[in-house]
Amino acid sequence: MGLNTFGTSLKRREDPRLITGHGNYTDNMKLPDMTYAYILRSPHAHAKIVSVDTARAKQHPGVVAVYTGKDTEALGGLPCGWTHPGLVTPKHNVIAKDEVNCVGDPVAVVIAEDRYTARDAADLIDVEYEVLPAIIDLEQAVVGHESARVAEAHEEMHHPEAHEHEHTPLGAEIERELASEIPHEPEVTEAPGPRPVLVHDEAAHNTAFKWAIGDKAKTDAAFAQAAHVTKLRVRNNRIHASAIEPRSALASYDVAMDSLTLWMTSQNPHIHRLLMSAFVLGIPEHKLRVIAPDVGGGFGSKIFVYNDEVIVCWASKQLGRPVKWTSERREAYMSDSHGRDHVSHAELATDADGKILGLRVHTLANLGAYLTLFATAVPTYLYGTLLSGEYNIPAIHCEVLGVLTNTVPVDAVRGAGRPEATFLVERLMDTAARELNVDPVEFRRKNFVKPDQFPFQTAVALQYDSGNYDATLDKALELIDYKKLRREQADGRKHGKYIGIGFSTYIEACGLAPSSLVGALGAGAGQWESALVRVMPTGTVNVYSGSHSHGQGHDTTFAQIASRELGIPVENFNIIHGDTDALPYGWGTYGSRSAAVGGSAIVTAARRVKDKAIKLAAHLLEANEADVEISDGKFMVKGVPSKAKSWLDVALMAHLAHNLPPGMEPGLEFSAFYDPSNFTYPFGAHVCVSEVNADTGEVKILRYVAVDDVGTQINPMIVNGQLHGGIAHGIGQALYEEAAYNEDGQLLAATMMDYALPKASYLPSFELAHTVTPCPHNPTGVKGVGEAGAIAAPAAVANSVVDALAPFGVMHLDMPLTPEKVWRAMQEAK
C-alpha cells in the first residue's frame, strides 16, 4: 500500500470486524454482578401524577430496587445547551415527580437481576394519573400569542415589536447583531375566549422564545418595490432518526475510587461527561468516565443527555452494582428526540426581470415538551442563517417562535436546521419560477452567487467562503440531459404519464464555528476539537481524537490524514476515540464537523510531531535541518540518498533519549486544539426525476442525480457512501416518514410497522458526481459531507412531485408525499 492514500478510495479498515460480528457495542457488554433497568413511561401526553405505588413491584422475585421521581428529585434537571436572552426553560426532571408532559416521560425505574424480570415488575407498579388537556398541534399551541397570527394571514407576518438590525460579516460584530438586538422576551397578550392549554405554566402561550434575524426595514422596502411576490406555507414533517442500534447505557460505580464509569451510545462522550457530572449528577468531572464503544448510527439522536443515562449512573451508585439499560425499538420512538417539525409562512419578492429582491419568513418551531441540548439552536442559528441558500438575496428577515407542545422533545436530526431552511428556500424557488413562467433552472442561475463574489456576505450573518454553484448545476444538467428530459416529459403527459423533474441547489454550513462567536450567541460548549499524535518507540502511531465515530469511517480517514502528514503507511496508525480518559477533551461528532475540525486538529498535531522528528533526524544524520526531508517513509538528506534514517530509528531514539539535540525533550508526541475561523460551506445540485401514478398517487423515483462539492475528498468511496445514506434519509422524509401524533398525544408511528422507512427497493441507483472547491481556511480543504444528502433530497423530491402534478394545477403538497395525499390532490384538481 502506498505511503500517501489521501484522496484515494481506500477500503474502510474497521469494516472486517464490524461485518463479521466482532463489533463491541454497549448492549453486548456484561459486567460481574450486573443488574438491568426497565423504565416505566407515561401513557399520557399530559397528566398530574397523583400517586405511584411500587410495593408489588418491589416484592417481585428478582427485583433489586424500584425508584420514582421522589427518589431522584435532588438531581439537577436535564440541560438545555444553547440559551437565548429571555429563554423560558421548564425543568426537565430525570424521573417525573408531579406531572408528565408527553407520552414516554419516565415515571419509575425497576432494577432487577435480568431485563425480563425488570419489565414484568414494571407492570406491577400502580400509577394514578389525573389526565390533563394536552396540546399537540403546533399552530394551536400558540393561539393568542401575537406572533402566531401569521397562521391567519400573510399580511400579519411582521410585528412592530420585532427589532431590526443590519447584517455584518461573520466575526466579532455578529455578537452585537445576534445576541443583543434579537427580540428577547416572548410577548404575552391575552386572547379572548378560554384560556389556552399550557404545557408548562411558566411558558405563556407555550412560547419558549422569540428570535429574529435580518433587517426588517430593508426587507419591507424590498417588498414594497417588488413586481411579484410569491407566498408559500410549508410544513416540515417531524421525523425520527431510527438508528440501527437503539440507545443503551451501562454504568458501574467503583466504591473504592468513588467514581463512575459509563459505557453508552454517544456521539460526544466528553459532552456527556461534562453535562452529566456538572449539571445533573453534581459530582466532580474526574469522577465520571464516559466510554462510547462502537455506536451503530446516531444521526444526531445520540448527542443529547437523556433521562435513562442519568438513571443508570445514579442507580449504580445507590446499589453499588453495575446497571444496564437498553432501549426497545418502540421505546426509542417515544423517548429519543425527534427532528424537524416546522410550520413556516414565507414570501419571496422579485423584480420584473426575475431577480430576487427580498425574503420574509415566519416559522413556528415545535420544541416538544422540554428543551434539550441543541433544541433552541436548531430552528434559529442553524436555520435562519441558511435562508439565503445559494442565492444573492439582498434583504432577508426571519422570525422564529419556539413552541412547546405535549410531544417528545425535538432536537437535531441529520442536518439540523439546514434541511428545513433548504426545503423552504428551494420550494419557494420552484414556486416562484412557475408563477413567473420561467424555467426553474434559469431562475436559479439568474440569482446564484457568482464565483467572483466570494467570500460572499449574506443578509443573515454568514459569510460563504468559496463556491461555484453554476458548475455543479451545469454538470447535473449534463448528466440528466435536461432538454431531452423535458421533451420526454411533455410527450409523456400527452399519454397520461406524469413525470416530474425537481431541483435542489443547496448549501449547508458545517463545523459550527468559531468558539468565541457561538459562545457569545448562547452555546454552552466550545466548537474546537483536539487531537494527540503519539509516535511509539517502534514507529507505529497512536492518533487520539475528540471526534467520535458512529459509522462515518474515522478509523480509515483519520489514518489517511495523519499518514499524508507523516509519510507513514496507514496500517501503522491506531485511531483512538470515544473514551474520556484516553483524550483530555473533545466536542464529538455532529454537524459534519469531524473531518473539517477534528481532522484539522490531527493535521496540526501531526505537523508538530513531524517538525520535531525532522530536527532529531537532522541531528542523527549530522545534517542541517533544512536539508532533511521525508521521502518513501524515511528521513533523507537532500541530494545524498545514502544518508537516511527510518521512522523506527528516529522514534526509538526519541524514547531512548541517548542522543538528542541540546534542549530537546524525550518522546515524540504533540497535542493540538483546532478552533475554526468560520463554518465550511458544502454545496451542490441534486435532481430527482419521478413518476406519479395517476390512478394510485404512488410516486416512483426514476432517477436521482447528485453533483456535490464537499471540498477536498479524503476518501471518495466514503464520501459517496455518506451521500448514499443521506439521500436515502432525505427521500425517506419526502415520501414516507412522519412521527405523527393523534389529538390525544399518542404517537401513531411508534414501531417500524408504522414508521415507514424507505426500503432499498424503493430507491434507484444514485448517480453521483463532484466538483472540488477546497475550503480556504482549514489545512485539509475539507468541507463536510455527512448531512448533504439529507439536506438536498427532500426539496428535490418534493419539487419533482409537484412538477409532475403541474397539469393538475397542484402548486404545493406538504411532506410526506404519500400515495393517498398525492391521489387526493389529483382528485380535488379534477
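Just so we're clear, the structure is a prediction, and the values are computed from it rather than from any experiment.

**Q** Provide a residue-level description of the confidence of the model for the protein, including the pertinent values.
**A** For the protein, per-residue confidence averages 93 on the pLDDT scale, and residues scoring 70 or more make up 93% of the total. Below a pLDDT of 50 lies the segment residues 150-191, which in the model reaches 120 contacts outside its immediate sequence neighbourhood of four places, other chains included.

**Q** Lay out the packing of aromatic side chains with the relevant residues and their values.
**A** Remark: the centre distance and the inter-plane angle together describe each pair of aromatic rings, the angle taken between the planes. Scanning all chains against the criterion turns up 22 aromatic pairs. When the ring of Tyr482 is compared with that of Phe503, the centres are 5.4 Å apart and the planes differ by 80°; the resulting orientation is edge-to-face. Of this pair, Tyr482 sits in helix α13 (residues 482-494) while Phe503 sits in strand β20 (residues 498-507), and the two are 21 residues apart along the sequence. Both residues of the pair, Tyr482 and Phe503, count as buried. A cation over an aromatic ring shows up here: Arg564 above the ring of Phe6, its NZ or CZ 3.8 Å from the ring centre. The ring of Tyr590 has Arg593 lying over it, and the distance from NZ or CZ to the ring centre is 5.2 Å.

**Q** Go over the sheet that holds strand β8 (residues 228-236), please, and point to the residues and values.
**A** Pairing in this open sheet of five strands is mixed, and the strands run β7-β17-β16-β15-β8 from one edge to the other. Since the sheet does not close on itself, it has two edges, and those belong to β7 (207-214) and β8, each with one partner. The sheet shows a mean angle of 10° between the axes of neighbouring strands, direction not considered. Of the pairings in the sheet, the one linking strand β16 (residues 356-368) to strand β17 (residues 395-404) comprises ten bridges and is parallel in character. Within β17, the position partnered with Thr363 by the bridge is Val400. Those strands touched by helix α6 (residues 216-224) are β7, β8, β15 (342-350), β16 and β17, and its axis lies near 125° from that of β16. The strands touched by helix α10 (residues 418-436) are β8, β15 and β16; relative to β8, the strand with the most contacts, the crossing angle is about 140°.

**Q** Kindly report on the environment of His286, identifying the contributing residues and their values.
**A** Residue position: His286 is located in the loop between α7 (269-281) and β12 (288-291). Residue class for His286 comes out exposed when judged on its relative accessible area of 63%. Put simply, His286 and Gly711 are 425 residues apart on the chain and 38 Å apart in space, counted from C-alpha to C-alpha.

**Q** Break down the pairing of strand β10 (residues 248-254) for me, citing the residues and quoting the values.
**A** Burial runs high along β10: six of the seven residues are buried. One ladder, built from four bridges, connects β10 with strand β13 (residues 323-326); its direction is antiparallel. Bridge assignment links Ala251 to a residue of β13, and that residue is Val323. Both β10 and strand β11 (residues 259-264) contribute to a ladder of six bridges, which runs antiparallel. Across the sheet, residue Ala249 finds its bridge partner in β11, namely Met264. Hairpin connection of β10 to β11: four residues between the antiparallel strands, including Asp258 at a positive phi of 50°.

**Q** Can you break down the side chain of Thr407 residue by residue, with the values?
**A** By the element assignment, Thr407 lies in the loop between β17 and α10. Accessibility expressed as a relative area gives 1% for Thr407, which makes it buried. Here Arg238 takes part through its side chain, which lies 2.7 Å from a polar atom of the side chain of Thr407. Apart from residues lying up to four places away in sequence, Thr407 is in contact with Asn101, Cys102, Ile136, Arg238, Asn366, Gly368, Ala369 and Tyr741.

**Q** Break down the sheet that holds strand β28 (residues 683-692) for me, with residues and values.
**A** One open sheet holds the four strands; their spatial order is β20-β28-β29-β30, and the pairing between them is mixed. The outermost strands of the open sheet, each flanked by one partner alone, are β20 and β30 (767-770). The mean angle between the axes of side-by-side strands here comes to 15°, regardless of whether they run parallel or antiparallel. Where β20 and β28 come together, ten bridges link them in antiparallel fashion. Bridge pairing in β28 places Gly502 opposite Cys688.

Quick notes on the rules
Each residue is numbered by its place in its chain's sequence as written, counting from 1. Totals for whole chains, interfaces and linings use every residue, but because this is a predicted model, local features are given only for residues with pLDDT of at least 70 and side-chain atom pairs only at 80 or more, for both listing and counting. Side-chain measures were taken over the full set of non-hydrogen atoms in the model, leaving aside hydrogen atoms and water. pLDDT expresses how confident the predictor is about each individual residue, on a scale running from 0 to 100. A contact between two residues is defined here by any heavy atoms of the two lying within 4.5 Å. Geometry of aromatic contacts follows a simple scheme: Phe, Tyr and Trp rings, the Trp one being its six-membered ring, pair when their centres are within 6.5 Å, and the pair is stacked under 30 degrees between planes, edge-to-face over 60, tilted otherwise. Helix and strand labels come from DSSP, where a helix needs a run of H or I of at least four residues and a strand needs a run of E of at least two; each type is numbered from the N terminus. Burial classes: relative accessible area under 20% of the type maximum marks a residue as buried, over 50% as exposed, and values in between as partly exposed (1.4 Å probe, protein chains only). To sit over a ring, a charge needs its Lys NZ or Arg CZ within 6 Å of the ring centre and within 35 degrees of the ring normal. Pairs of strands are assigned from DSSP output, requiring at least two bridges between the strands. Each axis is a line fitted through C-alpha atoms, and for a helix only the stretch in contact is used; angles between axes span 0 to 180 degrees, taken between their N-to-C directions. Under the rule applied, a polar contact is a pair of N or O atoms within 3.5 Å (in protein, one hydrogen donor and one hydrogen acceptor; residues adjacent in sequence only if both atoms are side-chain atoms).

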